[in-house]
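Notes for the structure review
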Amino acid sequence: MLIPVRCFTCGNLIADKFDDYQTKLKAGEDPEKVLNELQINRYCCRRMLLTTVETIQQVIPFYESIQKRKQEVQSELD
Ligand SMILES: [Zn+2]
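Residues numbered from 1 in each chain as written. Predicted model: local features only at pLDDT ≥ 70, side-chain atom pairs only at ≥ 80, totals over all residues. Heavy atoms only, no water.

1. With respect to the side chain of Lys17
- By the element assignment, Lys17 lies in helix α1 (residues 15–26).
- Judged by its relative accessible area of 19%, Lys17 falls in the buried class.
- In this structure, Lys17 is in contact with Leu38 and Ile40, ignoring residues within four places of it in sequence. (Helix = DSSP H or I, 4+ residues; strand = E, 2+ residues; numbered from the N terminus. Buried < 20%, exposed > 50% of the residue type's maximum accessible area, 1.4 Å probe, protein only. Contact = heavy atoms within 4.5 Å.)

This is the structure we're talking about:
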């Protein structure tokens, strides 16, 4: 969901670079060049950025529907 703050393997701080990485990727830059620019050299750290999938936008509708259902149940009880 959210990127881990540190690399699981070596403990290098990576979360602070994730925003730059995402914006540059969305601009169409090559991931290899972006990782090199951000000076993420170890492959354990590179995989952390490469393999993170932001699922928050996919999860939000479920929370919204749960909230909606709770309100329906509550209104039926009242
Ligand atoms: Zn690492």
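Anyway, onward from the coordinates.
2. Quick look at the coordination of the zinc ion
- Cys7 (SG), Cys10 (SG), Cys44 (SG) and Cys45 (SG) make up the full set of protein donors to the zinc ion, lying at 2.3 Å.
- For the zinc ion, the four donor atoms are set out with angles of 93 to 117° between them, so the coordination reads as tetrahedral.
- For the zinc ion, the single-chain donor residues occur in sequence as C-x2-C-x33-C-C. Remark: Cys44 occurs in helix α3 (residues 43–50) and Cys7 occurs in the segment before α1; sequence separation between them is 37 residues. Of the two residues, Cys7 and Cys44, neither departs from the other in class, the shared state being buried. (Donors = N, O, S within 2.8 Å, 3.2 Å for Na, K, Ca; no water. Tetrahedral: all angles 85-135°; square planar, octahedral: opposite > 155°, others 65-115°.)

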